[in-house]
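# Fold and contact review
Okay, here's what each chain looks like letter by letter:
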Amino acid sequence: MSTDASTARPLVVVGVDGSEQSKRALQWAGRLERLPGAPQLPQIQAVIVWDYPAPYGVGAPMGGGGGNELAQGILDNAVKSAFPEGIPENVTQVVRRGGVAQTLIDLSKGAQLAVVGSRGHGGIAGLFLGSVSMRVAERAACPVLVVHGDKDTSVPAGAGRV
C-alpha cells in the first residue's frame, strides 16, 4: 500500500538520552501543533541510541538484550517525565543500537524536523553545544531545532502553527 505524501503524517525525530535537556527537547516537540504545509499533527519519534563501550583488553561485551532493555527503560522514564499529564497519541518510542549522532542523522532523512537538546549526559559544563547536537545540526537531512535553556520549554506564540 502506498502512502500519498500530501496526507502522510509529518515526522519529527527527537533525540532522547534521559537528560533534562533531552526531556525539554521532547516537550518542545510535543507542543508543535503542525509543521508548515502539513495537514495534521506530526508523528513524534522519541529516539534513544545505545552501544556497547569500546572494549578494553581481552573479552567481549556483555551479551543478551541488556542494552536494549536498559535503553528502553531510560526512554520510558524520559517520555513519562516529559509528559506527566499523559503521553500524546502521536508520540512513539524507538530504541536503536549504534552511534548516536549518525543514527539521528540517518533517521532525519525521512523527517521534516529533528529536535535535540543542546547538551545531554555527555555534556561538559563549559560547552554550549554538545558534540551530538552539533553533528546532527551540521549533517541532518532536515531542519534541526536545538533546545537550549534550563527553565521555560514553552513554544513561542505562532511556532509550529499553520
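Residues numbered from 1 in each chain as written. Predicted model: local features only at pLDDT ≥ 70, side-chain atom pairs only at ≥ 80, totals over all residues. Heavy atoms only, no water.

## Overview of the pattern of salt bridges
Where charged atoms from two side chains of opposite charge approach closely, those side chains can pair. By the definition in use, this model includes four salt bridges. Across the salt bridge formed by Lys23 and Glu20, the nearest N and O atoms sit 3.2 Å from each other. Highlighted residues: Lys23 and Glu20, both in helix H1 (residues 20–30), separated by three residues, approximately one helical turn. A relative accessible area of 14% places Lys23 in the buried class. With a shortest N-O distance of 3.1 Å, Arg97 and Asp51 are connected by a salt bridge. Here Arg97, found in strand S3 (residues 91–97), pairs with Asp51, found in the loop between strand S2 (43–50) and helix H2 (66–82); they are 46 residues apart in sequence, far enough to count as distant. Residue classification places Asp51 among the partly exposed residues on the basis of a relative accessible area of 43%. (Salt bridge = Lys/Arg side-chain N within 4 Å of Asp/Glu carboxyl O. Helix = DSSP H or I, 4+ residues; strand = E, 2+ residues; numbered from the N terminus. Buried < 20%, exposed > 50% of the residue type's maximum accessible area, 1.4 Å probe, protein only.)

## A short note on the sheet that holds strand S1 (residues 11–15)
The strand order S3-S2-S1-S4-S5 describes an open sheet built from five strands, whose pairing is parallel. Where the open sheet ends on each side, the last strands, each with one partner, are S3 and strand S5 (144–147). The mean inter-strand angle of the sheet, taken between neighbouring strand axes irrespective of direction, is 25°. Along the sheet, H2 contacts S2 and S3; its crossing angle with S3, the most-contacted strand, is approximately 150°. Against the sheet, helix H4 (residues 131–139) engages strand S4 (113–117) and S5, with an angle of about 155° to S5. (Pairing = 2+ DSSP bridges. Axes fitted to C-alpha atoms, helices over the stretch in contact; angles between N-to-C directions. Contact = heavy atoms within 4.5 Å.)

## Here we look at the side chain of Ser118
Relative to the assigned elements, Ser118 resides in the loop between S4 and H4. Using a relative accessible area of 3% as the deciding quantity, one classes Ser118 as buried. At 3.1 Å, the side chain of Ser118 and the side chain of Gln21 are in polar contact. (Polar contact = N/O pair within 3.5 Å; in protein donor to acceptor, adjacent residues only side chain to side chain.)

## Digging into the packing of H1 against H2
Closest axis-to-axis distance for the H1/H2 pair is 9 Å, and the angle between their directions is 55°. As judged from the angle between their axes, H1 and H2 are oblique. Pair H1 / H2 crosses with right-handed handedness. Contact residues: Lys23, Leu26 and Gln27 in H1; Ala78, Val79, Ser81 and Ala82 in H2. For the contact of H1 with H2, a count of residues per class yields four nonpolar, two polar and one charged. (Parallel < 35°, antiparallel > 145°, perpendicular 65-115°, else oblique. Left-handed = near helix turned anticlockwise from the far one by under 90°. Nonpolar A, V, L, I, M, F, W, Y, C, P; charged D, E, K, R; others polar.)

## Structural notes on the packing of helix H3 (residues 100–108) against H4
Interhelical geometry of H3 versus H4 gives an angle of 30° and a closest axis separation of 9 Å. One finds that H3 runs roughly parallel with respect to H4. In the packing of H3 onto H4, the handedness of the crossing is right-handed. Contact with H3, carried on its side by Val100, Ala101, Gln102, Leu104 and Ile105, involves Val132, Arg135, Val136 and Arg139 of H4 and no other residues of that element. Here the residues of the contact of H3 with H4 sort into six nonpolar, one polar and two charged.

## Focus on the pairing of S1
Burial within S1 is extensive, with five of its five residues counted as buried. Here S1 shows two buried faces, one formed by Leu11, Val13 and Gly15 and the other by Val12 and Val14. In this structure, S1 lies alongside S4, joined through three bridges in parallel fashion. Paired with Val14 across the bridge in S4 is Val115.

## Brief notes about the confidence of the model for the protein
The predicted model of the protein averages 79 in pLDDT, with 69% of residues at 70 or higher. Considering only residues more than four positions removed or in separate chains, one finds that residues 121–129, a stretch of pLDDT under 50, has 13 contacts. (pLDDT = per-residue confidence, 0-100.)

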